[in-house]
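# Notes for the structure review
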Amino acid sequence: MTILISVAVITSIAAVLAIMLTLANSYIANYGECKILINGEKECITEGGSSLLSSLRDSQIFIPSACGGKGSCAYCKVKVLAGGGPVLPTELPYLSEQELRDHVRLSCQCKVKENIKIEIPEELFNVKEYKAVVEKIQNLSPTIKLLRLKLSDPVEITFKAGQYVQLKAPLYEGNDEEVYRAYSLASSKNDKGFIELLIGYVPNGICTTYVHKHLKPGDEVLFNGPYGDFYLRDTVKEIILIAVGTGMAPIRSILYQMESEDIDKRAFYFFGARTLEDLVLYEDMKDFENRLSNLKYYPILSRPREEDQWTGDVGRVTDLIKQHIEDGSNMEAYLCGSKAMIESTVEALKQKGVPEEAIYYDKFD
């Protein structure tokens, strides 16, 4: 006997099954209210099921994360003392054996499914979310913009020269997710009512596309911070500052600090760019050289074009180290750039005698 089932009946059955599956998944993911106990003293209540990173952010506790919670930057490490479940395979490449013994987790990968106890650095309690208005967007090169933000709530920020903030990219045409990206502060720590950032364009980058293609003066933006332990140490050692591209941002902030605090130690500033049009803020850096009597600014181009008519140094910042540093044993260095640049520069500095413990860096992808 042949049984005929109409298309309408099949469609109805499929719809019912889809609804049942959705309800089942909702039930499985519904962990109810969970408590997050932070450093044994502060307690947050959150709806279970989200990542620890986003749950803390919803409670106005901001953990650094440069990759938007994708588990690739390893900035969002916290100690999970109870309730975090097993360490996930996505975390293992970023955790050392010692960190695993110390119960360190990537908060973007750890889900809040029950009451949880964590430890975070005390300074993260001072991190805030800020509202600001875009006061200026200046083209420094075909791929780098200077973004000046006037704070509106709160109206002032306190930070150390060299630290960074996380700028929020909202939903916009072509982007269906809100993300945070880390950018070093490029302004003076004394100008508390605004901040400046140097943001390079990355093709298909969510936040860089937002800044370069959509943001305009008068728009309101959100950022949180400050974060980071990249800052000028209070020592008697001579200073080496090294940056490439947008890595100039924290170095620029440090130069403002040196000027305002009358830090007159001997200092070298090596800056690398590809072509003349990539040599951003050249006049500003020459002005710093004029105002800081013991500062020497050395720009270098790796790929100068014939039309640049460049008569300065050609090569990489490591070439400047070899050329201008003789004995680095009484020097400290501050580096900002890509992973490859940092690695090669650290080796060049060590070869000149700069102690490894006196080399500080801010590395970006």
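The sections below set out a description of the structure shown in this document. Just so you know, the residues in each chain are numbered from 1, in the order the chain's sequence is written. For a predicted model such as this one, the threshold for reporting local features is a pLDDT of at least 70, and the threshold for listing and counting side-chain atom pairs is 80 or more; totals across whole chains, interfaces and linings nevertheless cover every residue. Computation of side-chain values covers all heavy atoms of the structure but excludes hydrogens and water.

## Topic: the pattern of salt bridges
- By salt bridge we mean one thing: a side-chain nitrogen of Lys or Arg within 4 Å of a carboxyl oxygen of Asp or Glu. Throughout the structure, instances matching the rule amount to 20 salt bridges.
- Lys-70 is the partner of Glu-177 in a salt bridge, and the nearest nitrogen-oxygen pair spans 3.7 Å. Here the residue Glu-177 occupies a position in the loop between β8 (164–169) and β9 (179–184), and Lys-70 occupies one in the loop between α2 (52–58) and β3 (77–82), the gap between them amounting to 107 residues.
- Categorising residues by exposure relies on relative accessible area from a 1.4 Å probe, with only protein chains included: less than 20% of the type maximum marks a residue as buried, more than 50% marks it as exposed, and the intermediate range marks it as partly exposed. Among the residues examined, Lys-70 registers a relative accessible area of 49% and is labelled partly exposed.
- Measuring nitrogen to oxygen at the nearest pair gives 3.4 Å for the salt bridge that ties Glu-347 to Lys-350. Placement of the pair is Glu-347 and Lys-350 together in helix α8 (residues 339–351), with a separation of 3 residues, close to one helical turn.
- Judged by its relative accessible area of 32%, Lys-350 falls in the partly exposed class.
- Salt bridges here are not isolated pairs; linked through shared partners, they connect Glu-135, Arg-148, Glu-196, Arg-252 and Asp-284. To qualify as a helix, a DSSP run of H or I must reach at least 4 residues; to qualify as a strand, a run of E must reach at least 2; elements of each kind are numbered from the N terminus.

## Regarding the packing of aromatic side chains
- For this analysis, a ring pair means two rings from Phe, Tyr or Trp (six-membered ring only for Trp) whose centres lie within 6.5 Å, classed as stacked if their planes differ by under 30 degrees, edge-to-face if by over 60, and tilted for the remaining angles. Per the stated rule, a full pass over the model turns up 13 aromatic pairs.
- Where Tyr-256 meets Phe-288, the ring centres are 5.1 Å apart and the plane angle is 80°; that geometry is what we call edge-to-face. In this pair, Tyr-256 sits in helix α5 (residues 248–260) while Phe-288 sits in helix α6 (residues 282–291), placing the two residues 32 residues apart along the sequence.
- Ring pairing ties together the aromatic residues Tyr-269, Phe-271, Tyr-282 and Tyr-297, which thus form one cluster.
- Here, a charge over a ring is recorded when the distance from Lys NZ or Arg CZ to the ring centre is within 6 Å and its angle to the ring normal is within 35 degrees. Sitting over the face of the ring of Phe-194, Arg-148 holds its NZ or CZ atom 3.4 Å from the ring centroid.

## Some remarks on the sheet that holds β9
- Any two strands are treated as partners once DSSP identifies two or more bridges connecting them. Spatially, the 6 strands line up as an open sheet ordered β9-β8-β11-β6-β7-β10, and their pairing is antiparallel. One side of each edge strand has no neighbouring strand; the edge strands of this open sheet are β9 and β10 (194–200). Across the sheet, the mean angle separating the axes of adjacent strands is 40° when strand polarity is ignored.
- Pairing of strand β7 (residues 144–153) with β10 involves 7 bridges; the strand directions are antiparallel. Paired with Leu-147 across the two strands is Leu-197, which belongs to β10.
- Only heavy atoms matter for contacts: two residues are in contact if any of them lie within 4.5 Å across the pair. Fitted lines through C-alpha atoms give the axes, limited to the stretch in contact for helices. The angle between two N-to-C directions lies from 0 to 180 degrees. Strands in contact with helix α4 (residues 206–214) are β7, β8, β9, β10 and β11 (220–227); relative to β8, the strand with the most contacts, it is inclined by about 75°.

## Section: α4
- Burial analysis of α4 places 7 of its 9 residues in the buried class, the great majority of the element.
- When α4 is considered as a whole, its buried residues turn out to be Ile-206, Cys-207, Thr-208, Thr-209, Tyr-210, Val-211 and His-212.
- Along its buried surface, α4 packs onto β7, β8, β9, β10 and β11.

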